[in-house]
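Working through the structure, step by step
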Amino acid sequence: MLIDLIKCHGSHNDFLLIDETDRDYKFDDFKRRDLALVLCDRESSLGADGILFIRPSRVADAQYRIFNSDGTEASMCGNGLRCAGRYVCEKLDVDEAVIETMKANLKVKKHEEIFSDIPTYQVEISPVTFDLKDLPLKLYQETLIQEKIPQLSEELTFTALSVPNPHLTTVVTKEQLESNLQTELSEKVNGPNDLFPDGVNVSFIRILERGSIFVSTYERGVGYTNACGTAMSASTLVTCLMGENELGQPVNVYNNGGMVQCAVHKEDETYSIDLIGNATFVYSAQIDVDFSKEGLLTEILEQEDFDEEIEYSKLQEHAKKYLSQF
Ligand SMILES: N[C@@H](CCC[C@H](N)C(=O)O)C(=O)O
C-alpha cells in the first residue's frame, strides 16, 4: 500500500503526519498501532516520536489522533497539534481552524513568528484538571499539588495534572536535573506499578528567571523526547500556581529541542493554556507498506525536503546560548 506522509516537528519532538482524509487507506486501530511501532522505530529509515493521523470530522475542521512510538494512543499531544494545525490550515487555506481531539475540540491558529522565518502556530491546551481520577493516579486523596509521594521520592515535591493527557511534574535544581532521578522515577511509573496504572508523562522543571523555565520530559509511550508540548503547558501552569510566573503572561519554555511560549488563562476556576511555537515540516515522502508481511515491510519511494531546518537551527542556537547562562 502506498502511503503519503510528512515528517514534521515541534521543538524537535518529531512526528510522521498521515492524512487519511483524501486517501481511502482503510486503517483500523491495529494498523495504526503497527504503523506507529514500525515507522517510528529509530532504527528504521523514518523514525519519530509518534504518528499524527488526520481524519475527517463531523464537528470540527478535521480530526486528529496521536499514536506514540510504542503503538499506544494518547488523548493529546501539544507539539503534534501545532503541526497538525499548520497542515489543516494550509490545506484549507485559512489562518485558524478547530481540530477534534480525543477529549475536546481545540482551536489552532497561525501566529506571529516566534523566531525569524519559523512557521509558528498557537494551539489551545484544554481541558485541564487536577482530579487524580483523570490521570489516573491511585492515591487516597483528590488532588496532588506540591506534595510528596513517599513511594517515589523522599526529596521531590510533585504536582499531578491532566491537560488532558496525564502529567507528573516536579520543580528541581540543576543538580537534580542532571542526576539519574528523572530516569529512575519515570521508568518506575511507566512500568508495572500501583500508582499510575496507565503510566504518566514525567517532567522535571527548572525555573531559570521570571518568565522563563526549562522543562525536560520523559514521555509515556516514548521515553525521553526533545520536548513535550502538553508537559511544557502543564509545567508553566505549575510555576504560575507556585507564584513563580504570572497568569495571562507568556512564559518562555526552553527544552532540549528549542523553545516555545506558554500562557496560562483562568476563567471561573477553569484553566486553559496557549501553546505557541514552531510547526516545522522536514520532508514529504511516499512509502510502500506491506501489511501482509510479518514485521510490516516498508520502503521509501520518494522524499522531498521542505528546507525549513536551516532556519529552525538558528532558533536552537539562540536557545542554547540563552541556556548556557544558567
Ligand atoms: N509529545 C506530546 C505528548 C504525546 C503523548 C504522550 N506521550 C502521552 O502518552 O500522553 C506533546 O507534545 O504533548
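Residues numbered from 1 in each chain as written. Predicted model: local features only at pLDDT ≥ 70, side-chain atom pairs only at ≥ 80, totals over all residues. Heavy atoms only, no water.

Details of the overall build of the protein chain
Put simply, the test is: Secondary structure elements follow DSSP: runs of H or I no shorter than four residues count as helices, runs of E no shorter than two count as strands, and numbering proceeds from the N terminus. Taken over C-alpha atoms, the radius of gyration is set against a globule rule of 2.2 Å times the number of residues to the power 0.38. Contacts are assigned to residue pairs with any non-hydrogen atoms lying within 4.5 Å of each other. Note on areas: Shrake-Rupley, 1.4 Å probe, and residue coverage restricted to the protein chains presented here.
For the protein chain, the helix and strand inventory stands at six helices and 18 strands. Computed over C-alpha atoms, the radius of gyration of the protein chain comes to 19 Å, within 12% of the 20 Å expected from 2.2 N^0.38 for 326 residues, which places it in the range of a compact globule. Its C-alpha atoms give the protein chain principal-axis dimensions of roughly 50 × 45 × 40 Å. Long-range pairs, those at least 24 residues apart, make up 61% of the contacts in the protein chain between residues at least 6 apart in sequence. As displayed, the protein chain offers around 14,600 Å² of accessible surface, 45% of which is attributable to carbon and sulfur atoms.

Some thoughts on the environment of K188
Where we set the bar: Three exposure classes are used, based on accessible area relative to the maximum for each residue type with a 1.4 Å probe and protein chains only: buried under 20%, partly exposed in between, and exposed over 50%.
Within the element layout of this structure, K188 appears in helix 4 (residues 181-189). K188 gets classed as partly exposed once you look at its relative accessible area, which sits at 45%. The sequence separation of K188 and G199 amounts to eleven residues, and the corresponding C-alpha distance is 9.1 Å.

Concerning the site of the ligand
Condition: Nearness is judged by heavy atoms alone; a residue qualifies as near a molecule or strand once a single heavy atom is within 4 Å of it. Polar contacts here mean pairs of N or O atoms no more than 3.5 Å apart (in protein, one a potential hydrogen donor and the other a potential acceptor; neighbouring residues in sequence count only if both atoms are side-chain atoms). Following the grouping adopted for this structure description, the nonpolar residues are Ala, Val, Leu, Ile, Met, Phe, Trp, Tyr, Cys and Pro, the charged ones are Asp, Glu, Lys and Arg, and the polar ones are all others, Gly among them.
Around the ligand lies a shell of 14 residues, among which N13, G78, E219, G229 and T230 are the nearest. Within the contact set of the ligand, an oxygen atom lies 2.6 Å away from a backbone nitrogen or oxygen of G229. In this structure, an oxygen atom belonging to the ligand sits 2.6 Å away from a side-chain N or O atom of T230. Where the shell around the ligand is concerned, the elements lending two or more residues are helix 2 (78-92) and helix 5 (229-241). Its residues placed into classes, the shell around the ligand shows four nonpolar, eight polar and two charged.

A closer look at the pattern of salt bridges
Between side chains of opposite charge, pairing is possible as soon as their charged atoms come close. Worth spelling out the cut-off: Basic side-chain nitrogens of Lys or Arg form a salt bridge, by our definition, when they fall within 4 Å of a carboxyl oxygen of Asp or Glu.
Overall, the coordinates contain 19 salt bridges when judged by the stated rule. For K174, the salt bridge goes to E178, with nearest N and O atoms at 3.9 Å. Taken together, the positions of K174 and E178, both in helix 3 (residues 174-178) and four residues apart, correspond to about one turn of that helix. With relative accessibility at 60%, the residue E178 sits in the exposed group. Members of the salt-bridge network, linked through shared partners, are E20, D29, R32, R55, R65 and E73.

Some thoughts on the packing of aromatic side chains
To keep it simple, the criterion reads: Under the pairing criterion, centres of Phe, Tyr and Trp rings, with the six-membered ring standing for Trp, must be within 6.5 Å; the plane angle then separates stacked pairs below 30 degrees from edge-to-face pairs above 60, leaving the rest tilted. Remark: a charge is flagged as sitting over a ring if the NZ atom of Lys or the CZ atom of Arg is within 6 Å of the ring centre and within 35 degrees of the ring normal.
What the rule picks out here adds up to nine aromatic pairs. Both rings, one in Y25 and one in F27, keep their centres 5.0 Å apart while their planes meet at 5°; by these two values the pair is stacked. For F27, a relative accessible area of 8% corresponds to the buried category. A centroid spacing of 5.1 Å and a plane angle of 55° characterise the contact between Y322 and F326, whose relative ring orientation is tilted. Through a chain of ring-to-ring contacts, the aromatic side chains of Y25, F27, F53, F67 and F291 assemble into a single cluster. Positioned above the aromatic ring of F291 is the side chain of K31, whose terminal nitrogen or guanidinium carbon lies 5.2 Å from the ring centre. Of note, R86 hangs over the ring of F281, and the distance from its end group to the ring centre comes to 3.8 Å.

Details of the confidence of the model for the protein chain
Selection rule: By definition, pLDDT measures how confident the predictor is in each residue, and it falls between 0 and 100.
Confidence along the protein chain averages 96 in pLDDT terms, with 99% of residues attaining 70 or more. Interface scoring of the predicted complex returns ipTM 0.98; its pTM is 0.97.

Side note on helix 1 (residues 29-39)
Operational definition: Working definition: the arc comes from the directions between the helix axis and the C-beta atoms, pointing outward to the latter.
Along helix 1, the positions that sit buried rather than exposed are R32, L35, A36 and L39. Buried residues of helix 1, viewed axially, fall in a sector of 100°; they line one side.

Things to note about the pairing of strand 6 (residues 96-100)
Remember that side chains alternate between the two faces of the sheet whenever the strand is regular. The following threshold applies: Only strands joined by at least two bridges in the DSSP assignment are considered to pair.
Relative to strand 6, strand 4 (residues 62-68) is paired through two bridges, and the arrangement is parallel. Looking at strand 6, one finds that Q63 is bridged to E100. Here strand 6 runs beside strand 7 (residues 105-111); their pairing, made up of five bridges, is antiparallel. Looking at the pairing, E96 lines up with K109 of strand 7. Between strand 6 and strand 7, which pair antiparallel one after the other, the connecting turn spans four residues.

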